[in-house]
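# Observations on chain architecture
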Amino acid sequence: MTTTTPADYATADSNEIGASRRILSDTHEVFNQATPLENYNMFERDQALSEALVREGGGWGEPGVAALGETLGSAEWIERGFQANRSTPELFTHDRFGHRVDHVEYHPAYHDVMGLAVEHNIHASPWSDPKPGAHVVRMAKNYLYTQNEAGSACPLTMTFACVPAIRDTASVAAAWLPKIFDQRYDPTNAPLEQKTGATIGMAMTEKQGGTDVRANTTTAVPVAGRGPGEAYEIIGHKWFVSAPMSDAFLTLAQTDQGLSCFLLPRWRPDGTRNEFYVQRLKDKMGNRSNASSEVELRGAHAVLLGEEGRGVATIIEMVALTRYDCMIGSTALMRQAVAQVTHHIAQRSVMGANLIDQPLMQNVVADLCLEVEGALAMTARTARALDNEALNNQDSEAERLLTRFMTAVGKYWICKRATSHIGEAMECLGGGGYVEDSILPRLYREAPVNSIWEGSGNVQVLDVLRAMTKTPDVVDVYFDELETALGANTMYDAYVGALKAEFTHVEDFEYQGRHYVERLAKAMQAAQLVKAGNALVSDAFCSSRLGESRGLNYGNLASGTDCAAIIERARPNVG
Ligand SMILES: Cc1cc2nc3c(=O)[nH]c(=O)nc-3n(C[C@H](O)[C@H](O)[C@H](O)COP(=O)(O)OP(=O)(O)OC[C@H]3O[C@@H](n4cnc5c(N)ncnc54)[C@H](O)[C@@H]3O)c2cc1C
């Protein structure tokens, strides 16, 4: 390559100046940059996921999960995830003639990704096509989907989670479930009869309290008769209503019998708009593709689900399932971060050596990989517990208790870990990791929301206490599960022994709850990894998480850990 110096430029004639300008503009060669991580099968290049799918009983779903992994890993669908977040939803309260419309407009890419998810039945498969392994297969699909576009996972989750609450009220179930189960996404704002498919949101939180929904001031009065499936009129407000273009919302309101749960559609039975007014959209830190709104209900039509005064009991199963989906969501965000990091460090050289070969970077990244391994193993086991619960056999009750406890423990721990995990992952990419067109800033902004909504961290810890107090058997079932992994790792065995002893005299839980729940979570993640049978992973996980603390940040794995092998297992190995 010839180099033009300033002296050459000064002495050149005009023709030569033209040529020199072209050469000068050719300032440098781009090298030592990683290739984009795209055009690969996100499922097939995820060894931990492939193993978990089979291990937990979803092996039959492999072709469908792999097909989705191929689509989501394409450059085209990755770009749709970016587009849906770059152009955030916009609220139009009125049309050009002044009619109230309460319309939220999304980028077309948002509808594309929603359409893909609904086509793959992420919103309903365990209910519309129940079979052993259905929850595990859905978990795997949701895990892949959320890595591309996490915001729209919110309405998908709410639609999935509403089904148990709806199906107990026969008239509502008959009208709504066929549309909810439909695999044709229909974003039009129209009465239910005119639509192919429907999505559902939830409206619980009010200004004066989100955790404490019993403080709700929104009121409901019966129009004629009262009881499940009857019509009520609702007056009040909701402070957070995500996906306000959903077709209906599970809504909490007070009757004279107490807090009750309603299905509140966007359209009234006579085909007119319901009295559901979107006041404004939240300007959120992350979760940008998803609209979250403030709503006023000015005599809105709704139908009662379950009994009056039993609103929390009716909606609680929906809440539990959304919490489980938060475990999937946070694990997915961490997986995407690890996929990006392992891909990057394999191609980036600093000071003459690839980062993937540099010991300190190996220690940090292997530690990040282990966090995903543990989170995924626990989440996949929770999915299987949901499947086992649905089998209605002699083990179902124990699996129901396990789900109950594991969801509270896992939601707290996994969602909390994600924020610091992704922050560390971002740093592994250096300055490029801080720039929007790497996906890391989007993952980082998304991470805290899973920890906040559907029961914030402390609320989850207190939920563990509530479960222990109301159904003490949850603790026995949890330890029974931990004991199935004994005998393969001495550190694990000792940890479980000590934890069990600690749980014979739990003290001051309301103050020390995080200490207890953290230990329960780490033990369950370790148990699932030990049972999965890959000692490379489980030994490193146990020695880094169950022994004496070696430091609070990632990158404190002990000497002798085979970091390179752990990283290689997680690396998508593309390009
Ligand atoms: C992006 C986004 C979308 C949302 N979408 C929806 C939606 O669609 N529908 C909906 O109904 N809600 C939605 N929410 C609301 C969300 O569920 C609530 O914000 C959440 O439940 C917390 O309620 P709050 O904001 O009132 O906080 P508070 O209830 O005031 O809690 C504040 C803090 O206090 C802690 N805390 C509470 N009680 C205790 C205690 N006893 N001891 C110790 N600490 C305690 C909590 O953990 C939390 O950290 C959304 C929130 C966000 C951020």
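These numbers come from a predicted model, not from an experiment.

With the rule as written, the count across this model stands at nine aromatic pairs. Taking 5.5 Å as the distance between ring centres and 25 degrees as the angle between the ring planes, the aromatic pair formed by W127 and F160 counts as stacked. Here W127 is found in helix 7 (residues 125–128), whereas its partner F160 is found in helix 9 (residues 153–167), with 33 residues between them in sequence. Per residue, the accessibility class of W127 equals that of F160, and both read buried. Considering the side-chain rings of F503 and Y516, the 5.5 Å spacing of their centres and the 70 degrees angle between planes classify their relative orientation as edge-to-face. Within this pair, whereas F503 is found in the loop between helix 17 (490–502) and helix 18 (509–532), its partner Y516 is found in helix 18, the two being separated by 13 residues in sequence. Each member of the pair, F503 as well as Y516, carries the same accessibility label: buried. Taking the ring centre of W239 as reference, the NZ or CZ of K282 above it sits at 3.3 Å. The aromatic ring of F240 is capped on one face by K282, whose charged end is 4.3 Å from the ring centroid.

Glancing now at helix 13 (residues 396–428). Its maximal kink placed at A418, helix 13 deviates by approximately 30 degrees. With 24 of its 33 residues buried, helix 13 lies for the most part within the structure. At the exit of helix 13 stands G430, carrying a positive phi of roughly 65 degrees.

Around the ligand, the surrounding shell holds 20 residues, and the nearest of these are M204, T205, G210, T211 and S242. Backbone polar atom of M204 to an oxygen atom of the ligand: 2.8 Å apart, as the coordinates give it. In this structure, a nitrogen atom belonging to the ligand sits 3.1 Å away from a side-chain N or O atom of N458. Expressed as a share of its isolated accessible area of 980 Å², the protein-covered part of the ligand is 67%. Tallied by class, residues from the shell around the ligand come to ten nonpolar, eight polar and two charged. Taken together, domain 1 (47–309) and domain 2 (313–570) each give at least three residues to the shell around the ligand, which thus spans both.

About the thresholds
Residues numbered from 1 in each chain as written. Predicted model: local features only at pLDDT ≥ 70, side-chain atom pairs only at ≥ 80, totals over all residues. Heavy atoms only, no water. Phe/Tyr/Trp six-rings, centres within 6.5 Å; stacked < 30°, edge-to-face > 60°. Helix = DSSP H or I, 4+ residues; strand = E, 2+ residues; numbered from the N terminus. Buried < 20%, exposed > 50% of the residue type's maximum accessible area, 1.4 Å probe, protein only. Lys NZ or Arg CZ within 6 Å of the ring centre and 35° of its normal. Bend = angle between axes of the 7 residues up to and from the residue. Near = heavy atom within 4 Å. Polar contact = N/O pair within 3.5 Å; in protein donor to acceptor, adjacent residues only side chain to side chain. Areas by Shrake-Rupley, 256 points an atom, 1.4 Å probe, with all protein chains shown as cover. Nonpolar A, V, L, I, M, F, W, Y, C, P; charged D, E, K, R; others polar. Domains from an automatic or database assignment.

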